[in-house]
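Structural features, examined
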Amino acid sequence: MSDIFTRYGDGSPTRMSKEDIRFDLEEGTQDAADRGKIPALTEAELDRLFEICTMPEKAVTVERGDEVIVSFDAGTLKLPVRAGVPMDRSAAILTHERAFCSDTMELGHVDYSYKQLKAIIHEECQAMEHIQLNTIIPVFYGAMPNLGLYTKPDGPIENWSELLPLAKIDEAKAAQEEAMEHAVKDIVYVASRMYESGADGINFDTVGASGDADVLATLKAAEILKEKYPDIAIEFGMAGEFVLGMHGELYYDGTRLAGLYPHQQVKMAEKAGAAIFGAVINTNSSMSFAWNIARAVTFVKACTEAASIPVHVNVGMGVGAIPVTNTPPVDAVSRADKALVEIGKADGL
Amino acid sequence: MSLEDIIAEARETILQCDQARAVAVAERAVAQGFDPVQVLSEGFSYGIRQMGDLFGRGEVFLPQLILSSEVMKSAVAILDAAIQGGTPQAKAKMVIATVEGDVHDIGKGIVVSLLKTQGIEVYDLGRDVPTVKIIEKALEVEADIIGTSALLTTTLMGQKKLEDELRKNGLRDRFKTMVGGAPATQRWADRIGADAYAEDAAEAVTKALALLGK
Ligand code: B12
């Protein structure tokens, strides 16, 4: 039978003919090229991607020598919280180090936003010190900038998501600018304490979840931290494939942040002092795996070509061509990983 | 001015967020006796869908999208009056919410802004809204459409719950339903029996108008 087992972006299984897979690969790369104004994949790259998509094995892997480093976001939320395994955070990190052979790991709190961590920072510092005494792999501390938390009722500032639909545009912009100041202070405070408690690096997860102001606050915080601690390793994990323009007029180093795609985002992160860039490409749940992976690889290839720092592509539920499911299926995950590394030239995942 | 020129200019005024020109074009269309429905759907509405699409590509930003939807509203007011020969038309009503357990509301907010430009009266119940509350509100305002947003695979079931509850209570035929959010698909809509699915805000407008038979 010539039909190939594959999936849609929502994880539902399907069978497609080889011709349809090839067609979707071409459409996917073209979509990324149009949106990002970047080159589409070459015929040879599409041929290789087609091979990866149609390999008969259930799970595939990279060729020997092409192995890459893995880093994590929501690190200690995965086993104890999402999977519901009753273990504490240090056990989760040791499991990653000693059973899963993870290259690095991330300590994070269930309340995973910098703002919320101020009040419990002393406990987080203690957890980091304890973990550093027991582990060999680099352990990051991570959380989200999450600018939305500074708005009412969670914070002191007017909510721009409510102001914008009322067409109060100037007020919405001012509110975002005000939130940035709070966020920079909180991020620098928490990251400094955690770094001084032995964190090997600081992870900013879901940068841009609240739009361009969220990105600018993180860039500014990174700059301050880098100045304070020249050796600090900062990882930038993005929220989406382009920076959502909730403000629209925010610039970093002369570049407008709204609308930047991964190959442009990485340059901003580099300027601010980041050591690792976590590119995100959204999965479209209605489209096939072939379409999604061709798109993701196209964006990642442009990003790794532009980057001077390592690019660790986000490959979790709903990003990096991984289907939006709770437990992503291994056929899709392993194919996405292989393609992103071998064709996209990702330095890590 | 020919109808083609009017339509082209209507589109342009939306893309350029030009309030004064939008009002002028709408008034000229009415004065010249062109079909206001056609000017609206092929001109202004086309423009706003294009803006939604550009937003979805990161080429225009939220403040511009909001501005253009404000421009759209003033043009719609003029054309609406002409459609109804001066008497205000009963507006279509839509209740929309992010389902229970889910706090993602950025995308839903954009959908709401665009739907409002079409003269639809939108009741936005916010995020993390229990199914019963959605149904209560829909009954209270006699909604034509109920729209739900879900961004998590774990909360997607909230959209099915709405269908089930409506059916169980004999209310399914009273409303059209529409689902959206990143994990939702046309397949999902078909599976749970929702009347429509839209991938983004621009499509949400087209699908809502189709459900309303416009
Ligand atoms: C922003 C964001 C957040 C923000 C939300 C802020 C807010 N006020 O909305 C915060 C930080 C709070 C957040 C929290 C969480 N999030 Co979140 N979040 C995102 C993110 C980065 C972007 C979503 C977004 O706004 N997109 C932009 C808008 C414009 O697009 P959209 O929402 O898809 O909307 C469009 C269409 O879908 C459609 N549409 C939307 N609604 C509707 C409704 C109708 C009726 C119609 C017709 C159309 C329609 O039109 C819109 C406009 O074009 C995504 C990742 C990603 N890149 O998508 C993760 C993501 C959705 N989150 C995720 C997760 C896991 C979480 C958390 C559980 C994490 C945690 N452990 O804390 C919590 C959950 C909280 C909760 N209970 O809901 C996962 C979901 C994975 C899964 N398997 O379901 C994602 C995919 C990220 C990931 N891979 O981990 N998140």
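Residues numbered from 1 in each chain as written. Chains lettered and ligands numbered in written order. Predicted model: local features only at pLDDT ≥ 70, side-chain atom pairs only at ≥ 80, totals over all residues. Heavy atoms only, no water.

1. Concerning the site of the ligand
Among the 37 residues in the neighbourhood of the ligand, the closest are listed as Ala239 and Met317 of chain A together with Val103, His104 and Asp105 of chain B. Those chains with residues close to the ligand are chains A and B. Between methionine 317 of chain A and the ligand, the recorded distance is 2.7 Å, taken from a backbone N or O atom to a nitrogen atom. Separating a nitrogen atom of the ligand from a backbone N or O atom of glycine 101 of chain B is a distance of 2.9 Å. If you list the elements that add at least two residues to the shell around the ligand, you get helix H5 (106-116), strand S3 (145-149), strand S4 (176-180) and helix H9 (201-211) of chain B. The dominant element in the shell around the ligand, judged by the number of residues it contributes, is H5 of chain B, at four residues. Partitioning the shell around the ligand into residue classes produces 16 nonpolar, 15 polar and six charged. (Near = heavy atom within 4 Å. Polar contact = N/O pair within 3.5 Å; in protein donor to acceptor, adjacent residues only side chain to side chain. Helix = DSSP H or I, 4+ residues; strand = E, 2+ residues; numbered from the N terminus. Nonpolar A, V, L, I, M, F, W, Y, C, P; charged D, E, K, R; others polar.)

2. Observations concerning the sheet that holds strand S9 (residues 276-278) of chain A
All names here are of chain A. Taken together, five strands build an open sheet; the order of strands is S3-S4-S5-S6-S9 and the sheet is parallel. Looking along the sheet, the strands with just one partner apiece sit at the ends: strand S3 (105-107) and S9. Between one strand axis and the next, the sheet turns through 30° on average, direction left out of account. Docked against the sheet, helix H8 (residues 169-196) engages strand S4 (139-143) and strand S5 (201-207), running at close to 145° with respect to S5. (Pairing = 2+ DSSP bridges. Axes fitted to C-alpha atoms, helices over the stretch in contact; angles between N-to-C directions. Contact = heavy atoms within 4.5 Å.)

3. Section: the domain arrangement of chain B
Residue and element names in this part refer to chain B. As far as domains go, chain B holds domain 1 (3-84) and domain 2 (92-211). Of the residues lining the interface, 13 residues belong to domain 1; the matching set on domain 2 comes to nine residues. For the pair domain 1 and domain 2, the summed buried area comes to about 910 Å², and 74% of that belongs to carbon and sulfur atoms. Considering only the side of domain 1, the residues that lose the most area to domain 2 are Ile48, Arg49 and Lys73, jointly responsible for 40% of the buried surface there. Where domain 1 packs against domain 2, one counts zero salt bridges. At the junction of domain 1 with domain 2, the criterion picks out one residue pair in polar contact (both at pLDDT 80 or more). Only helix H3 (36-56) and helix H4 (62-83) provide two or more residues apiece to the side of domain 1 that touches domain 2. Of the residues forming the side of domain 1 that touches domain 2, the biggest block, seven residues, is contributed by H4. Classifying every residue of the side of domain 1 that touches domain 2 by side-chain character gives seven nonpolar, three polar and three charged. (Domains from an automatic or database assignment. Buried area = accessible area lost by both parts, 1.4 Å probe. Salt bridge = Lys/Arg side-chain N within 4 Å of Asp/Glu carboxyl O.)

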